[in-house]
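Take a look at the letters that make up each chain.
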Amino acid sequence: MTAILEAPPEPSHDELEALIEEARRRARRRRLLIGGAASAALLLIGLAVGLALVLRGGTSTAVPRGFHLVQARGPVTHLRFENLLDRGVAIDVSSGAARPARITQELWWNEGSGLTRTVYRRDGRIVADWVVQQCQGSGPTRFCAPPWPYLPYQQLPSDAQRPKSEFRRVGSGTFRGHHVVWSEQLYRPPGSKPSLGGDQVAYDAVTHRPVALRTINRSGRFKGRTFSYNALKVLPDLPGKKLAFVVPDGGADRNPPSSLNVVTGHGLRAARKALGKTPLWLGRAFQGRRLRSVVVGREGEATQRMPGRMLLPAHFARFDYGRFSVKEFGQDRPPWYLEDPAAGTVLVADSRITFARDGILVSVEPAGPKFRLDRATALALAEALRPVDG
């Protein structure tokens, strides 16, 4: 068997440089914040940047194998974010019409336990669901931070109540028909004057409730570029006694889990067995690209606390056509594809083309930058895929 840890899809060169620059800026801020806190006998946590991918969707009360329930302690904060910079699209197969298929992030944060559940939806369908715990220290000094983008917007409920020493008003405008005031958190390194930190929140000018968040890069090559932009809806808190978190048996990690693939076989016969039904393919060749290999295996979740162990495994078959591969799931779904796209819809998002047909989830993934992820390619692939002959 061959175990393969798969990384998320690679961003473009400019996006990668922007991510690296932003990560460095936040890392410097985190070190300065922790250093200043130590001198004041206080423990502080720097901002955490999270790119999400990922688990536990649906309404079933059954706990998956390898997991257990942890009861929330005290009230649970409930928020919903909508990524306004996302460029995912949903394409209607019959008409070819495309529309935005934005991703939303729903978050439950329990300060008492330090646990946070995040559910991601693409075009209204759950694609990922996971629990993390970002805690530091022990005993009286233990401190648990909520994940980004909830931090640093949780301290006070309204702009009017925030101390001017922590935030600065940077402008006003409209957001979805509402007049808003934008405030930006100040970056305050020890021994230096405060400066704009890049994290902004928009408050409704009438209700003073936060309605949007964005991050502006304040240094480096991409200075002034909007790094993230989210609509925000603050939902009512939930009583802890009515909510429990589904946590891996080894405990929740600080970061989202990664993908673990294990290849277990090769060939069309193995593909049929892995999926439990007839696979779909593009034939022995597609647009001059010959079928190079057919492999099968299991894909699941790997956690830092239980290295080498796969949670929530799902069987797959993968058809390699050189510049791209067609990966299929039959009887079950991996943690990254909890719900299929709507019937008759093809999604072009997250550096892949995804759709469902005949009970099979299909993910077309590029092997390099020369493969075009666009509407024409998506429709051509969806039309050409057919059951394996014989």
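Given the structure is predicted, the values throughout are model-derived calculations rather than measurements.

J.: What is the right way to look at the overall build of the chain in this model?
T.: Scanning the chain from N- to C-terminus turns up three helices and 27 strands. Surface exposure of the chain reaches about 19,700 Å², of which carbon and sulfur atoms provide 52%.

J.: Looking at this model, I keep getting lost on the pairing of strand β23 (residues 324-329). Mind explaining?
T.: Within a regular beta strand, the side chains point alternately toward one face of the sheet and then the other, so they alternate between its two faces. Of all six residues that make up β23, six are buried, and the element is covered over most of its length. Where burial is concerned, the two faces of β23 agree: the one with Phe-324, Val-326 and Glu-328 and the one with Ser-325, Lys-327 and Phe-329 are both buried. Here strand β22 (residues 311-320) runs beside β23; their pairing, made up of five bridges, is antiparallel. Looking at the pairing, Asp-320 lines up with Ser-325 of β23. Count of turn residues in the β22/β23 antiparallel hairpin: three residues, of which Gly-322 carries a positive phi of about 90°. Pairing of β23 with strand β26 (residues 360-366), which is carried by six bridges, proceeds in the antiparallel orientation.

J.: What exactly am I supposed to notice about the sheet that holds strand β8 (residues 125-133) here?
T.: The sheet built from nine strands is open, its strands ordered β8-β7-β6-β3-β15-β14-β13-β12-β11 with antiparallel pairing. Of all the strands in the sheet, just β8 and β11 (167-175) have a single pairing partner and so form its edges. Neighbouring strand axes in the sheet, compared pairwise and without regard to direction, differ in orientation by 25° on average. In this structure, strand β3 (residues 76-83) lies alongside strand β15 (residues 226-238), joined through seven bridges in antiparallel fashion. Each bridged residue has a counterpart across the sheet, and for Asn-83 the counterpart in β15 is Asn-230.

J.: In this structure, what is going on with the pattern of salt bridges? I would like to understand it.
T.: A side chain with one charge can pair with a side chain of the opposite charge if their charged atoms come near. For the structure on display, the rule yields 14 salt bridges. Among the salt bridges present, the one from Asp-86 reaches Arg-122, with a minimum N-O distance of 2.4 Å. Note that Asp-86 is positioned in the loop between β3 and β4 (89-92) and Arg-122 in strand β7 (residues 115-122), a separation of 36 residues in sequence. When sorted by exposure, Asp-86 lands in the same class as Arg-122, which is buried. Linking Glu-184 and Arg-218 is a salt bridge whose minimum nitrogen-to-oxygen distance equals 2.6 Å. Of this pair, Glu-184 sits in strand β12 (residues 178-187) while Arg-218 is found in the loop between β14 (210-216) and β15, placing the two residues 34 residues apart along the sequence. Salt bridges sharing common partners tie together Arg-80, Glu-106 and Arg-121.

Scoring rules and cut-offs
- Each residue is numbered by its place in its chain's sequence as written, counting from 1.
- Given that the model is predicted, a residue must reach a pLDDT of at least 70 before its local features are reported, and side-chain atom pairs must reach 80 or more before they are shown or counted; all residues, however, enter totals for whole chains, interfaces and linings.
- In computing side-chain properties, one takes all heavy atoms of the structure into account and sets aside hydrogens as well as water.
- Every helix listed is a DSSP run of H or I at least four residues long, and every strand listed is a run of E at least two residues long, numbered separately from the N terminus.
- Residue exposure ignores everything except the shown protein chains as possible cover, and the areas themselves are Shrake-Rupley values with a 1.4 Å probe.
- When accessible area is computed with a 1.4 Å probe and restricted to protein chains, residues below 20% of their type maximum are described as buried, those above 50% as exposed, and intermediate ones as partly exposed.
- A strand pair is defined by DSSP finding two or more bridges across the two strands.
- Only C-alpha atoms enter the line fits that serve as axes; for helices the fit covers just the stretch in contact. Angles between N-to-C directions range over 0 to 180 degrees.
- The salt bridge definition used is simple: a Lys or Arg side-chain nitrogen within 4 Å of an Asp or Glu carboxyl oxygen.

Shape is all these values report; function is a separate question.
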